[in-house]
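Survey of secondary and tertiary structure
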Amino acid sequence: VGLWSAPPAMPRDREVRAGWQPSEAWLRDRNGQLLDTIRVNFAVRRLGWVPLDQVSPVVRETIVASEDKRFFYHGGVDWSSLAGSLWAGLHGRSARGASTLSMQLAGFLAPELGGPGGRGVRDKLRQIRAAWAIEAHWSKDQILELYLNLASFRGESQGIGAAAPALFGRAPD
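Read on for an overview of the structure. Just so you know, these numbers come straight off a predicted model, no measurement behind them. Sequence order as written defines residue numbering, which begins from 1 separately in each chain. Note on the predicted model: pLDDT of at least 70 is required for a residue's local features to be given, and 80 or more for side-chain atom pairs to be given and counted; whole-chain, interface and lining totals, by contrast, use all residues. Note: side-chain values were computed over all heavy atoms of the structure, leaving out hydrogens and water.

Digging into the overall build of the protein chain
- The helix and strand labels rest on DSSP assignments: H or I over at least four residues marks a helix, E over at least two residues marks a strand, and numbering proceeds from the N terminus. The number of helices and strands found in the protein chain is eight helices and two strands.
- In the protein chain, the order of α-helices and β-strands from amino to carboxyl end is α-β-β-α-α-α-α-α-α-α.
- Expressed as a percentage of the 173 residues in the protein chain, the buried residues total 41%.
- Residues are treated as being in contact if the distance between any of their heavy atoms lies within 4.5 Å. The long-range share in the protein chain, meaning contacts at least 24 apart out of those at least 6 apart in sequence, stands at 63%.
- By element, 54% of the accessible surface of the protein chain is carried by carbon and sulfur atoms, the whole surface being about 10,300 Å². Buried means the residue's accessible area, taken with a 1.4 Å probe over protein chains only, is under 20% of the maximum for its type, while exposed means over 50%, and partly exposed covers the values in between. Each accessible area is a Shrake-Rupley estimate made with a 1.4 Å probe; only the visible protein chains count as cover when residues are assessed.

Below, the structure is given as structure tokens:
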């Protein structure tokens, strides 16, 4: 496989949501009242899928500001950030991550793009191409929703649905 090899095919956003499996099972009575929960997946802590409109605007803004401040203005790649990271690396300084939310999302959807050691030129080129594919098919809101649900937060929490109660004792909204 050459340097310019294509990234893996990216699933559609509805396919990702349809495949979402919480790490908990809920037992409810006939009226929908919660009776009990049991953990069924101990590899990761996931709760239900959280639609973007159920995530506090402050949380959304904070994630974008800390992870990809130009998220709404680029097509999947922040060339300015990438150039700054390359420049720092060439001058022996610690290079700040240049991966956009779309590039990180590509790594969540295809772990071989974002796993350990995935920082070589070939890996970065594949992440860039995957980010372009994501941006070509999904809106910024869809990308942000998937990112917030698939990102790992402190500890075993995956997704804002599990992270918000674990970190802040609150629901994501």
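Structural notes on the packing of aromatic side chains
- Any pair of Phe, Tyr and Trp rings, taking the six-membered ring for Trp, is counted once the centres come within 6.5 Å. Such a pair is stacked with planes under 30 degrees apart, edge-to-face with planes over 60 apart, and tilted for the rest. Going through the model one piece at a time under the given rule, you end up with three aromatic pairs.
- Look at W20 and W49: their rings are 5.1 Å apart centre to centre, the planes differ by 80°, and that puts the pair in the edge-to-face class. Taken together, the residues W20 in the loop between α1 (13-18) and β1 (24-28) and W49 in the loop between β2 (34-39) and α2 (57-67) connect sequence positions 29 residues apart. Taken as a pair, W20 and W49 share a single burial class, namely buried.
- For the ring pair F71 and F72, a centre distance of 4.8 Å and an interplane angle of 70° mean the geometry is edge-to-face.
- By relative accessible area, F72 is classed as partly exposed at 44%.
- Put simply, a charge is over a ring when the Lys NZ or the Arg CZ is close to the ring centre, within 6 Å, and near the line of the ring normal, within 35 degrees. Directly above the aromatic system of W20 lies the positively charged group of R46, at a separation of 4.2 Å from the ring centroid.
- Taking the ring centre of F71 as reference, the NZ or CZ of K140 above it sits at 4.5 Å.

Topic: the pattern of salt bridges
- Take a side-chain nitrogen of Lys or Arg and a carboxyl oxygen of Asp or Glu: if they are within 4 Å of each other, that pair is a salt bridge. Going through the model one piece at a time under the given rule, you end up with five salt bridges.
- We note a salt bridge from E24 to R45, for which the minimum N-O separation is 2.5 Å. You can see E24 sitting in strand β1 and its partner R45 sitting in the loop between β2 and α2, a full 21 residues away along the chain.
- If you follow the salt bridges from partner to partner, you end up with D13, R17 and E145 in one network.

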